[in-house]
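One letter stands for each residue in the lines below.
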Amino acid sequence: MKFKIDIKNKKAKYEYLLIDKFIAGIVLKGTEIKSIRNNQANISNAYCLFNNNELFVKDLHINEYTNRGHANHEPKRTRKLLLNRKELNKILSKVKEKGNSIIPIRLFIDDKGRAKLEISLAKGKKLFDKREQIKEKDLKIEMKRKINQK
């Protein structure tokens, strides 16, 4: 059974310069995976942090499952991310540098039905970088319009 779930963080490319990407598994409860399969998650305000050399994601909002029984999950609880030790060490060394942070880019379900979180090592953009990106985008749109008119 394939699920076409692909929840993206649309603000990430605008707010941050994405340096390196990793795909991590997430430790979830039963009702959380059901909510993700119903496309009931939001990763726009989420961020990752280290605690005892383990990586966790905070503020990943997964709505409560509507057809639940007596037990349900907390929507914004801290969830553990699953990565190899080499990847964790690489990320940890990069995060210690000033200005680097870890942000989730995409939440998806893989071919085997497991929820995965694509995270990225990122550096925050300055205001003038954002303006420059907007100008480039506007120029591309204008060029496409001129080509289509001819």
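Residues numbered from 1 in each chain as written. Predicted model: local features only at pLDDT ≥ 70, side-chain atom pairs only at ≥ 80, totals over all residues. Heavy atoms only, no water.

## Considerations on the nonpolar core
Okay, so step 1: Ile36, Leu55, Leu81, Leu83, Leu107 and Ile119 are the most contacted members of the largest nonpolar core, which totals 26 residues.
Okay, so step 2: Looking at this core, the elements that each hand over two or more residues are strand E2 (16-26), helix H2 (30-37), strand E5 (54-58), helix H3 (85-95), strand E8 (100-109) and strand E9 (115-124).
Okay, so step 3: Among the elements that make up this core, the one with the highest residue count is E9 (4 residues).
Okay, so step 4: Excluding its chain neighbours within four sequence positions, the residues that come into contact with Leu81 are Ala24, Gly25, Ile26, Cys48, Leu55, Phe56, Val57, Leu117 and Ile119. (Core = buried A, V, L, I, M, F, W, Y, C linked by side-chain atoms within 4.5 Å. Buried < 20%, exposed > 50% of the residue type's maximum accessible area, 1.4 Å probe, protein only. Helix = DSSP H or I, 4+ residues; strand = E, 2+ residues; numbered from the N terminus. Contact = heavy atoms within 4.5 Å.)

## Focus: the side chain of Asn100
Okay, so step 1: Looking at the secondary structure, you find Asn100 in strand E8.
Okay, so step 2: A polar atom in the side chain of Asn100 sits 3.4 Å from the side chain of Glu97.
Okay, so step 3: Look past the residues within four positions of Asn100 in its chain and what remains in contact with it is Ile19, Lys94, Val95, Ala122 and Lys123. (Polar contact = N/O pair within 3.5 Å; in protein donor to acceptor, adjacent residues only side chain to side chain.)

## Structural notes on the pairing of E2
Okay, so step 1: Relative to E9, E2 runs antiparallel, the two sharing 9 bridges. Note that in E9 the partner of Ile23 across the bridge is Glu118.
Okay, so step 2: Where E2 and strand E7 (residues 79-82) come together, 2 bridges link them in antiparallel fashion. The residue of E7 that forms the bridge with Gly25 is Leu82. (Pairing = 2+ DSSP bridges.)

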